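Now for the letters of each chain:
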Amino acid sequence: MGDGERIKPPWWLKPANKVRIRLSRLGMSFGGESPVVLAVPGRTSGVLRSTPIAPMTVDGKRYVVGGFPGADWVRNVRAPNEVTLTRGRKPERVRMVELSSDEAKPLLRAFPPEVPTGVGFIKRCGLVKDGHPEEFAALTGRCAVFRFEPV
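First, a word on scope: everything that follows refers to the structure included in this document. Keep in mind that this is a model prediction, so the values were computed, not measured.

On to the environment of R109. Tracing the backbone through its elements, the reader meets R109 in helix α3 (residues 101-114). For R109 and A138, which are 29 residues apart along the polypeptide, the C-alpha to C-alpha distance reads 8.5 Å.

Listed below in structure tokens is the structure:
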């Protein structure tokens, strides 16, 4: 999938992400779940960029859904071979493999029950109305889905 459609992130996203990253580094949870921080070099600057993400596990494999089309972290992870995921103080190196539309659709459908806090975020971004699984399945091709693979 290419960069395609982009939407402007909500004004509150960067300040909220900074809070979630700090909570994660302190080992605290946010909204009932411990945030995972993704660190990846910027695609043009090479400067390490960190963003909180909400991974999910389906059939024993871990995935993450890009919260909105054209998100910077999504564009950044398409470039490197490896990224770092950190939960609390435990870093883990992984490869992120972007899924095809056919592979992504069932995972988007699984997203609402697996990551309920993410549903609210995607609703506030205006991508879905009610948060039903079929609304998320309709985001196929708009919101990237990645699988984490061990390095």
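Mapping N76 onto the fold places it in helix α2 (residues 72-77). When sequence neighbours within four positions are dropped, the list of residues in contact with N76 reads V40, P41, G42, R43 and R49.

Taken as a whole, this structure holds eight salt bridges when the rule is applied. Across the salt bridge formed by D72 and R75, the nearest N and O atoms sit 3.8 Å from each other. Taken as a pair, D72 and R75 lie in helix α2 at a separation of three residues, close to a single helical turn. E82 serves as the salt-bridge partner of R93, at 3.1 Å between the closest nitrogen and oxygen. Here E82 lies in the loop between α2 and β5 (83-87) and R93 lies in strand β6 (residues 90-98), a separation of 11 residues in the sequence. By relative accessible area, R93 is classed as partly exposed at 44%. What you see here is one network of salt bridges that share partners, running through R43, D72 and R75.

If you check which residues of helix α4 (residues 116-124) are buried, you get G118, V119, F121 and I122. Considered in projection along α4, the buried side chains sweep an arc of 165° and stay on one side of the axis. Of the exposed residues in α4, the ones pointing more than 90 degrees away from its buried face are P116 and R124. Directly after α4, the chain includes G126, whose backbone phi takes a positive value near 80°.

The next point concerns the side chain of R147. When you line up the elements, R147 lands in strand β7 (residues 145-150). Engagement of the side chain of R147 in a polar contact is seen with the side chain of E149, the distance being 2.9 Å. In this structure, R147 is in contact with K61, R62, Y63, R95, M96, V97, L99 and E103, ignoring residues within four places of it in sequence.

Of all hydrophobic cores here, the largest spans 39 residues; its most connected members are W73 and M96. What M96 contacts, discounting residues up to four positions off in sequence, is L38, V64, W73, V77, V83, F146, R147 and F148.

What counts, and where the lines are drawn
- Residues numbered from 1 in each chain as written.
- Predicted model: local features only at pLDDT ≥ 70, side-chain atom pairs only at ≥ 80, totals over all residues.
- Heavy atoms only, no water.
- Helix = DSSP H or I, 4+ residues; strand = E, 2+ residues; numbered from the N terminus.
- Contact = heavy atoms within 4.5 Å.
- Salt bridge = Lys/Arg side-chain N within 4 Å of Asp/Glu carboxyl O.
- Buried < 20%, exposed > 50% of the residue type's maximum accessible area, 1.4 Å probe, protein only.
- Arc of directions from axis to C-beta.
- Polar contact = N/O pair within 3.5 Å; in protein donor to acceptor, adjacent residues only side chain to side chain.
- Core = buried A, V, L, I, M, F, W, Y, C linked by side-chain atoms within 4.5 Å.

That is the geometry; function is a separate question.
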